[in-house]
Amino acid sequence: DLTFASLRGNIATRLERIPPGGAIVMAAAALDRLGLAPPVAEVLDPALMLPQVAQGAIAVECRAADRATAGLLGAIDDGPARLCVTAERAYLARLGGGCDLPVGAHATVGPDGDLRVEALLASLDGRIMLRSAATGPAESARELGAGLADELLAAGGRAVMAEAGTVLP
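Residues numbered from 1 in each chain as written. Predicted model: local features only at pLDDT ≥ 70, side-chain atom pairs only at ≥ 80, totals over all residues. Heavy atoms only, no water.

## Considerations on the packing of helix 4 (residues 79-95) against helix 5 (residues 141-163)
Then comes step 1: It is the contact of helix 4 with helix 5, at a shortest axis distance of 8 Å, that shows an interaxial angle of 30°. By the angle between their axes, helix 4 is roughly parallel relative to helix 5. Considering only the axes of helix 4 and helix 5, their crossing is right-handed. Every residue of helix 5 that contacts helix 4 at Leu83, Thr86, Ala87, Ala90, Tyr91, Arg94 and Leu95 is listed here: Ala141, Arg142, Gly145, Ala146, Leu148, Ala149, Asp150, Leu152, Leu153 and Met161. (Axes fitted to C-alpha atoms, helices over the stretch in contact; angles between N-to-C directions. Helix = DSSP H or I, 4+ residues; strand = E, 2+ residues; numbered from the N terminus. Parallel < 35°, antiparallel > 145°, perpendicular 65-115°, else oblique. Left-handed = near helix turned anticlockwise from the far one by under 90°. Contact = heavy atoms within 4.5 Å.)

Structure follows, in structure tokens:
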């Protein structure tokens, strides 16, 4: 009973486009950071719907040669979050996908320090849904993400990607 449509624009624009009686799916972290509090009908559990890669993450960049700034930024680095984003982005990079491809990934660092990555690849029409997970040492974040992409590609994802017109790297 749902209709999915592309929704572009910044957060304020997206919120303005909600039709009467309608709803949109957004990263709650983004709304929280901006101090926006639109009515939330439901917070979706990743077990139900995996988010797009690196949803809610904030990145700060500086020039590679600027050691002083890099040292200052180290104070705000969230190591576990960085590992999660690294795994999720490695998954997406292996697929060669962008924001239009129906993919999702969600990584978490467990109490034992291991990284768990869940990933999804779906056809544009939702007929095919491939989902898998992997757990391993957090230091292997990139390999875990890329490995999940390889697994899903081998399980029928290549055909899904071809149908979507996405060329694999």
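Next comes the rest of the account.
## So, the sheet that holds strand 2 (residues 114-122)
Then comes step 1: Spatially, the 3 strands line up as an open sheet ordered 1-2-3, and their pairing is antiparallel. Every interior strand has two partners, whereas the edge strands, strand 1 (103-109) and strand 3 (129-137), have only one. Averaged over all pairs of adjacent strands, the angle between strand axes in this sheet comes to 10°, irrespective of strand direction.
Then comes step 2: Relative to strand 3, strand 2 is paired through 9 bridges, and the arrangement is antiparallel. In the sheet register, Leu120 faces strand 3, and the bridge partner there is Arg131.
Then comes step 3: Docked against the sheet, helix 5 engages strand 2 and strand 3, running at close to 160° with respect to strand 3. (Pairing = 2+ DSSP bridges.)

## Quick notes on the environment of Ala70
Then comes step 1: For Ala70, the position within the fold is in helix 3 (residues 67-73).
Then comes step 2: Accessibility expressed as a relative area gives 39% for Ala70, which makes it partly exposed.
Then comes step 3: Sequence separation between Ala70 and Ala57 is 13 residues; the distance between their C-alpha atoms is 18 Å. (Buried < 20%, exposed > 50% of the residue type's maximum accessible area, 1.4 Å probe, protein only.)

## Regarding helix 5
Then comes step 1: When the terminal C-alpha atoms of helix 5 are compared, their 29 Å separation across 23 residues is substantially less than the 33 Å that a helix rising 1.5 Å per residue should span.
Then comes step 2: The axis of helix 5 is deflected most strongly, by about 80°, at Gly156.
Then comes step 3: Turning to helix 5, its buried residues number three or more, namely Ala141, Leu144, Gly145, Ala146, Leu148, Ala149, Leu152, Leu153, Gly157, Val160 and Met161.
Then comes step 4: At its buried positions, helix 5 is contacted by helix 4, strand 2 and strand 3.
Then comes step 5: Where helix 5 terminates, the next one or two residues include Gly165, which has phi positive at roughly 80°. (Expected span 1.5 Å × (residues − 1). Bend = angle between axes of the 7 residues up to and from the residue.)

## Quick word on the pairing of strand 1
Then comes step 1: Here strand 1 pairs with strand 2 via 7 bridges, running antiparallel. Bridge assignment links Val103 to a residue of strand 2, and that residue is Leu121.
Then comes step 2: Linking strand 1 to strand 2, which pair antiparallel, is a turn of 4 residues; within it Gly113 sits at a positive phi near 90°.

Don't take any of this as a statement about function, it's just geometry.
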